[in-house]
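Reading the structure
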Amino acid sequence: MNARSRRFIVHIDIDAFFAAVETLLDPTLKGKPVVVGGLPHERGVASTCSYEARRFGVHSGMPLAKAHELCPQAVFVRGNHQVYQSFSEAFFRLLREYTPDVEEASLDEAYLDLSRCGHLYPSFSRAARGLKARIERDLGLAVSVGAGPNKILAKLATKKAKPGGYFEVEPGGEEEFLRGLDIEALPGIGPKSQVILRLLNVHRLGDLWGLPRASLRALFGLEGEDLYLQSRGIDARPVVTRVTPKSVSRETTFLRDIWDTRLLLAHLAYLCDRLTLALRQGCLYAHIIEVKARYSDFRTEARRRLMITPRQEMGDVFRIARELFLPLFEGSRLSLRLVGVKASDLVRSRPRSLFEPYSERGERLGAAVGEVRDKYGFGSLLTARERMLEPLYSLEKERGFVLKTASLTR
Ligand SMILES: [Mg+2]
């Protein structure tokens, strides 16, 4: 096979991202163990630890108290998601200068497919190394970079390159590279499966090759299928470039103008519910919530609010929408023919719960409600407020009308 017709995938990951940003902002932290996520006496877990902290056995996901016990001399920082977000944006902007085929795997992790840009790069390896140097120079953050013919090999190469290195799986070198890797390197492997495999004396990927596909399936179900493919470096997944939409909105034009505040708020709740469902499905968080009202005289007015912490949960979005909506309606003395709600200035990253301990419950509730609705339809679960709309809907259905709910994106 011609080397140029082979896919060239680069995986890039910022080392100890949050801790590295904190160190960049406060150079006195350099060389010290740093734990980001909260103060030692606080509840919650470490979100990132510097490599100096890792030497003491501290790792991300560990309760802060435990991290403090292992490494009392560490500097504990609460962290600032907004700052990390802006570093992340700069990171992806830079990557997109190299190719449009960039996948955002997380705030600090990306896949790039250079294959389409062969005409720009006489050597893909040199381009990947150049990219690494450029990021380190321009952002001041150390990155680990792996390259290979597909995503799994590139990701495993990055693991090998950590911290701060570059590793490339060259054509023909796949088997040798994979054979000696520990099974825990596989992204798809669960802790239970690891225990079982080790009992079977399977420690390295090469050992895993000895197990038939059917046995892996029987032992681990779909995960077993994944283990079979991953351990052999088989991965046809494309690099997925998702463009973050500019905005998501939901609005309703009423069949008859509405005057009743309670009914209007019920509609607003319903729209917010639909909107937050769309946000959740798109893994989107909004910095701006806007509410629109069109009066019986066709005048339209809107109000918006900017939030420093982006929101996705129904409870938050509805509370804000309600506050924006009430003065619009109550000041007008006119009935309404349309109500709409829009989320804009969208970001893809999840504001981690450790920065916002109170959102976690709402987020879990939202996810659970979303699951039920995916299965049984939107109407299967309604809030008390939305139930007010039920008679309206069934009435309209009887008459052969459908409530017009337009959804606009972008
Ligand atoms: Mg990272």
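Everything discussed here concerns the structure shown above.
These notes cover the structure that comes with them. (Residues numbered from 1 in each chain as written. Predicted model: local features only at pLDDT ≥ 70, side-chain atom pairs only at ≥ 80, totals over all residues. Heavy atoms only, no water.)

1. Notes on helix H4 (residues 81-96)
Note the cut-off: Helix numbers and strand numbers start at the N terminus; a helix is a DSSP run of H or I with at least 4 residues, a strand a run of E with at least 2. Between the first and last residue of a helix there are one fewer steps than residues, each counted as 1.5 Å, and that sum is the expected span. With a 1.4 Å probe rolled over the protein chains alone, any residue whose accessible area is under 20% of its type maximum counts as buried; one over 50% counts as exposed, and the rest are partly exposed. Side-chain atoms alone can form a polar contact between residues adjacent in sequence; in general such a contact is a pair of N or O atoms within 3.5 Å, and within protein one must be able to donate a hydrogen while the other accepts it.
Taking 1.5 Å of rise per residue, the 16 residues of H4 would be expected to cover 22 Å, and the 22 Å separating its terminal C-alpha atoms lies within 8% of that figure. Those residues of H4 that fall on the buried side of the exposure criterion are His-81, Tyr-84, Gln-85, Phe-87, Ser-88, Ala-90, Phe-91, Phe-92, Leu-94 and Leu-95. Its side-chain oxygen placed 3.0 Å from the backbone nitrogen of Gln-82, Asn-80 serves as the N-cap of H4.

2. A few points about the sheet that holds strand E2 (residues 34-36)
Formally: Whether two strands pair comes down to DSSP finding at least two bridges between them. Any two residues whose heavy atoms approach within 4.5 Å at even a single point are treated as in contact. Structural elements are reduced to axes, namely lines fitted to C-alpha atoms, with helices fitted over the stretch in contact, and the angle between N-to-C directions of any two is expressed from 0 to 180 degrees.
Strands sit in the order E3-E2-E4 across an open sheet of three strands; the sheet is mixed. Two strands lie at the open edges of the sheet, namely strand E3 (48-49) and strand E4 (75-77), each paired on one side alone. Where E2 and E3 come together, two bridges link them in antiparallel fashion. Residue Val-36 lies in a different strand from E3, and its bridge partner there is Thr-48. Sheet strands touched by helix H1 (residues 17-25): E2, E3 and E4. Its angle to E2, the strand with the most contacts, is close to 115 degrees.

3. Some thoughts on the pattern of salt bridges
Any two side chains of opposite charge can pair if their charged atoms end up close together. Applicable threshold: Any carboxyl oxygen of Asp or Glu that lies within 4 Å of a side-chain nitrogen of Lys or Arg is treated as forming a salt bridge with it.
In total, this model carries 24 salt bridges according to the counting rule given. Where Glu-103 meets Lys-151, a salt bridge forms, and the shortest distance between an N and an O atom there is 2.8 Å. On the criterion of sequence distance, the pair formed by Glu-103 in strand E5 (residues 102-106) and Lys-151 in helix H6 (residues 151-161) is long-range, its members being 48 residues apart. Accessibility assignment for this pair places Glu-103 and Lys-151 in one class, buried. Here Glu-175 makes a salt bridge to Arg-179, at a shortest N to O gap of 3.0 Å. One end of the pair, Glu-175, and the other, Arg-179, are both in helix H7 (residues 174-179), four residues apart, so they sit about a helical turn from each other. For Arg-179, a relative accessible area of 42% gives the class partly exposed.

4. Description of the packing of H4 against helix H5 (residues 124-139)
So the rule is basically this: In this scheme the handedness of a crossing depends on how the near helix is turned from the far one: anticlockwise by less than a right angle means left-handed, clockwise means right-handed. Charged residues are taken to be Asp, Glu, Lys and Arg, nonpolar residues to be Ala, Val, Leu, Ile, Met, Phe, Trp, Tyr, Cys and Pro, and polar residues to be all remaining types, Gly included.
Running from amino to carboxyl end, H4 crosses H5 at an angle of 145 degrees, the nearest separation of the two axes being 11 Å. The two elements H4 and H5 cross, and the hand of that crossing is right-handed. In contact with Phe-87, Ala-90, Phe-91, Leu-94 and Leu-95 of H4, H5 contributes Leu-131, Arg-134, Ile-135, Asp-138 and Leu-139. For the contact of H4 with H5, the class distribution of residues is eight nonpolar, no polar and two charged.

5. Notes on the pairing of strand E11 (residues 300-311)
Of the pairings in the sheet, the one linking strand E10 (residues 285-295) to E11 comprises eight bridges and is antiparallel in character. By the bridge assignment, Arg-294 is partnered in E11 with Thr-300. Here E10 folds back onto E11 in antiparallel fashion, the turn holding four residues, of which Phe-298 has a positive phi close to 75 degrees.

6. Some words on helix H13 (residues 314-330)
Its 17 residues give H13 an end-to-end C-alpha distance of 23 Å, which sits within 8% of 24 Å, the value for a rise of 1.5 Å per residue. If you check which residues of H13 are buried, you get Met-314, Asp-316, Val-317, Phe-318, Ile-320, Ala-321, Leu-324, Phe-325, Leu-326, Leu-328 and Phe-329.

7. Describing the coordination of the magnesium ion
Note the following rule: Only nitrogen, oxygen and sulfur atoms qualify as donors, and only when within 2.8 Å of the metal (3.2 Å in the case of Na, K and Ca); with water excluded, sites may look incomplete.
Listed as protein donors to the magnesium ion are Asp-13 (OD), Ile-14 (O) and Asp-108 (OD); their distances from the metal cover 2.2 to 2.7 Å. Mapping the donors of the magnesium ion onto the primary sequence gives the spacing D-I-x93-D. One end of the pair, Ile-14, is in strand E1 (residues 9-14); the other, Asp-108, is in the loop between E5 and strand E6 (109-113), with 94 residues separating them in the sequence. The class for Asp-108 is buried, based on a relative accessible area of 13%.

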